[in-house]
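Listed below are the residues making up each chain.
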Amino acid sequence: MQKLNELGAREVVKRLAARQITAEQLARACLDRIEEREGAVGAWSHLDPDAALAQARALDAGPLRGPLHGLPIGVKDIIETVDMPTGYGSAAYAGHRSLGDAAGVALARAAGALILGKTVSTEFAWFHPGKTANPRVPENAAPRTPGGSSSGSAAAVADAMVPLAFGTQTAGSIVRPASYCGIVGYKPSHGTLPRAGVKTLAESLDTLGVMARSPGDAALLVGALSGRDLLPAQTASGSQSAPKIALCRTHEWPAAQPETAAALEHAAKAAAKAGAQVKELSLPKEFAGLLQAQIDLMNYEAYRSLASDRLHHWDGLSETLKKLLATASKVSAARYDEARALTAACRAMLGDVFGDADAIVAPSAPGEAPTGLAATGDPVFCRVWTLLGVPALNIPCSQGPNGMPVGVQVIGRIGDDARALAVAEWLQPVLA
């Protein structure tokens, strides 16, 4: 029999709404799992069990507050919370307190969610890693990164510490760690969720999203916060019709390790066997320049977004971040404008690129999670899709040579998140 902390978000909210379980029982199950595993995983930057249980008891004592009533959620440490410190993953902000909640957190609370604690982020959601280890590593094996920058959120969901957790993505910070940790990571269409109260890195790219156990669980949170019905529709028989899928290796394919190549092949064969129409997709030649365009745009905007930190907190920044800022300072306004122009041109081509496909399936990451905790992996397969602003989800697909998860990415049209989620919901059990 599954423990409460192992249940998916949709199942949990049904039981909570029917008063079959209490918010306190669920919170205790999550906190017990955290107590058992946090020493090995290190997913949390702030946790106050007494405060979390007080939240739960208050929810149990009152009426149902909304579609997320009693649902525990982890919040990435670059997202502000009024009742918990927000350190942005940086020693320069240790113990920092915000005056309010980020808009996404406030909306989640208003819908009844229980904010369980803050999860570890890389510094300012860039590349300097935190303490978190990948919970999927076999016993007695060398530690591996959970990915970044949403390191703690991915690890906490993967290890059944919490059913949902907020993440953010500027390059590959939701999709990549979700692939490494073997869970669903959903980056909505750019701008779907409000970013007020989220530490800005690159405003043209930063996207608030979620780590979950299924696409439908991810849709529950994002739909509740955005006022959209994103949950995949069911047919009368209870199953969804098979989708049309465009299989895309992308211009970044040389970065794919054998396990990623095998995962994409498995996804294509399994989907076709289950009834999907699968066709090969080659991106237009113009898309080959988008990888560098994303890097240039991100660097240019990040250097300016972090101007106050450069000016007032320089001594507290990591050497990793200082080197990243030095590189970022070299991107000229002309290069930035060129990157934006190319992005706009390629975005205008997306209708023809998708054609009649319901979604594109592409790699999520180069391969398994790399060994060690000194780096968080390469977002090479995520950068272009983030730049284009499309919805993207990682779903678990297969295992690499060391028994670690490897995912594939489901990509939809801008604003057509519901269809991308439906394809991902259909595909997840097919791949399993």
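Residues numbered from 1 in each chain as written. Predicted model: local features only at pLDDT ≥ 70, side-chain atom pairs only at ≥ 80, totals over all residues. Heavy atoms only, no water.

## Thoughts on the overall build of the protein
The criterion, for reference: Comment: elements are numbered from the N terminus, with helices defined as DSSP H or I runs of at least four residues and strands as E runs of at least two. Between the two quantities, the radius of gyration covers C-alpha atoms and the globule rule is 2.2 Å times the number of residues to the power 0.38. Three exposure classes are used, based on accessible area relative to the maximum for each residue type with a 1.4 Å probe and protein chains only: buried under 20%, partly exposed in between, and exposed over 50%. Contact definition: two residues touch when any of their heavy atoms are within 4.5 Å. Positive charge is attributed to Lys and Arg, negative charge to Asp and Glu, and no charge count is given to His or to the chain ends. Just so you know, the charge point we use is NZ for Lys, CZ for Arg, CG for Asp and CD for Glu.
A count of helices and strands for the protein gives 15 helices and eleven strands. The C-alpha atoms of the protein give a radius of gyration of 20 Å, which matches the 22 Å a tight globule of 432 residues would have. Burial status across the protein gives 58% buried among its 432 residues. Taking as baseline every contact in the protein between residues at least 6 positions apart, the subset at least 24 positions apart corresponds to 79%. Counting 40 positive and 41 negative side-chain charges, the protein places the averaged centre of each group 1 Å from the other.

## Section: the pairing of strand β9 (residues 359–363)
Where we set the bar: Note on pairing: two strands pair once DSSP finds at least 2 bridges between them.
β9 sits mainly inside the fold: five of its five residues count as buried. Note: strand β7 (residues 244–248) against β9, three bridges, orientation parallel. Considered in β9, the bridge of I245 is made with A359.

## Digging into the packing of helix α1 (residues 9–17) against helix α7 (residues 215–226)
Note the following rule: Helix axes are fitted to C-alpha atoms over the stretch in contact, other axes to C-alpha atoms as well, and angles between N-to-C directions run from 0 to 180 degrees. Comment on the angle field: the value is read as roughly parallel under 35 degrees, roughly antiparallel over 145, roughly perpendicular from 65 to 115, and oblique elsewhere. Three categories are distinguished: nonpolar for Ala, Val, Leu, Ile, Met, Phe, Trp, Tyr, Cys and Pro, charged for Asp, Glu, Lys and Arg, and polar for the others, with Gly belonging to the last.
Viewed as axis vectors pointing N to C, α1 and α7 meet at an angle of 60°, and their least axial separation amounts to 8 Å. Taken together, the axes of α1 and α7 lie oblique to each other. Contacts between α1 and α7 involve A9, R10 and V13 on the former and, on the latter, G216, D217 and L220. When grouped by side-chain class, the residues that make up the contact of α1 with α7 number three nonpolar, one polar and two charged.

## Notes on the nonpolar core
Put simply, the rule reads: To form a nonpolar core, buried Ala, Val, Leu, Ile, Met, Phe, Trp, Tyr and Cys residues must be joined to one another through side-chain atoms within 4.5 Å.
In this structure, W126, F166 and I360 are the most contacted members of the largest nonpolar core, which totals 132 residues. Core analysis: the second largest hydrophobic core is formed by five residues, V137, A365, A369 and M404 among them.

## So, the packing of helix α2 (residues 23–41) against helix α3 (residues 49–61)
Heads up, the condition is: Take the far helix as your reference; a near helix turned counterclockwise from it by less than a right angle gives a left-handed crossing, and one turned clockwise gives a right-handed crossing.
Contact pair α2 / α3: the axes reach a minimum separation of 8 Å and the direction vectors enclose 160°. When the axis of α2 is compared with that of α3, the two are roughly antiparallel. α3 is crossed by α2, and the crossing has right-handed handedness. The residues of α3 that touch α2, namely those facing A23, E24, A27, R28 and L31, are P49, A52, L53, A56, R57, L59 and D60. Residues that form the contact of α2 with α3 fall into these classes: eight nonpolar, no polar and four charged.

## Re helix α4 (residues 103–110)
Inclusion rule: What the arc describes is the spread of directions from the helix axis to the C-beta atoms.
All buried positions along α4 are accounted for by G104, V105, A108 and R109. What you see down the axis of α4 is that its buried residues fit within an arc of 135°, all on one side. Buried residues in α4 make contact with α3, β2 (72–76), β3 (114–119), β4 (164–169), β6 (207–212) and α7. G112, located one to two residues past α4, shows a positive phi value of around 100°.

## Here we look at the environment of R419
Let me state the cut-off plainly: Each polar contact in these results corresponds to two N or O atoms within 3.5 Å; when the atoms are within protein, one needs to be able to donate a hydrogen and the other to accept it, and residues that are neighboring in sequence are counted only if both atoms are side-chain atoms.
With respect to the helices and strands, the residue R419 is situated in helix α15 (residues 417–431). The exposure class of R419 is partly exposed, given its relative accessible area of 30%. The residues touching R419, leaving out its near neighbours within four places in the chain, are A357, D358 and R413. There is a polar contact of 3.1 Å between the side chain of R419 and the side chain of D358.

## Overview of the pattern of salt bridges
To keep it simple, the criterion reads: By definition here, a salt bridge exists when the distance from a side-chain nitrogen of Lys or Arg to a carboxyl oxygen of Asp or Glu is within 4 Å.
Evaluation of the coordinates by the stated rule reveals 23 salt bridges. Here K322 makes a salt bridge to E319, at a shortest N to O gap of 3.5 Å. You can see K322 and its partner E319 sitting in helix α11 (residues 319–328), three residues apart, about one turn around the helix. On the basis of relative accessibility, which here comes to 15%, the residue K322 falls in the buried class. A cluster of three or more residues bridged by salt bridges with shared partners is formed by R33, E36, R37 and D159.

## Some words on the pairing of strand β8 (residues 277–281)
What counts, and what does not: Throughout, right-handed denotes a crossover for which the path from the first strand over the helix to the second runs clockwise when the strands point away from the viewer.
Examined bridge by bridge, β7 and β8 share five bridges and lie parallel to one another. In the sheet register, L247 faces β8, and the bridge partner there is E280. As for the winding sense of the linkage, the β-α-β connection from β7 through helix α8 (residues 258–273) to β8 is right-handed.

## Quick notes on the sheet that holds β4
Hydrogen bonds between backbone atoms are what pair the strands of a sheet, whose relative direction is either parallel or antiparallel. Spatially, the eleven strands line up as an open sheet ordered β1-β3-β2-β4-β6-β5-β10-β11-β9-β7-β8, and their pairing is mixed. Edge positions in the open sheet fall to β1 (44–47) and β8, since each of these has one partner strand only. Across this sheet, the average inter-strand angle for adjacent strands is 30°, counted without regard to direction. Here strand β10 (residues 392–399) pairs with strand β11 (residues 405–411) via seven bridges, running antiparallel. Paired with Q399 across the bridge in β11 is P405. Packed onto the sheet, α3 meets β1 and β3 and runs at close to 160° relative to β3.

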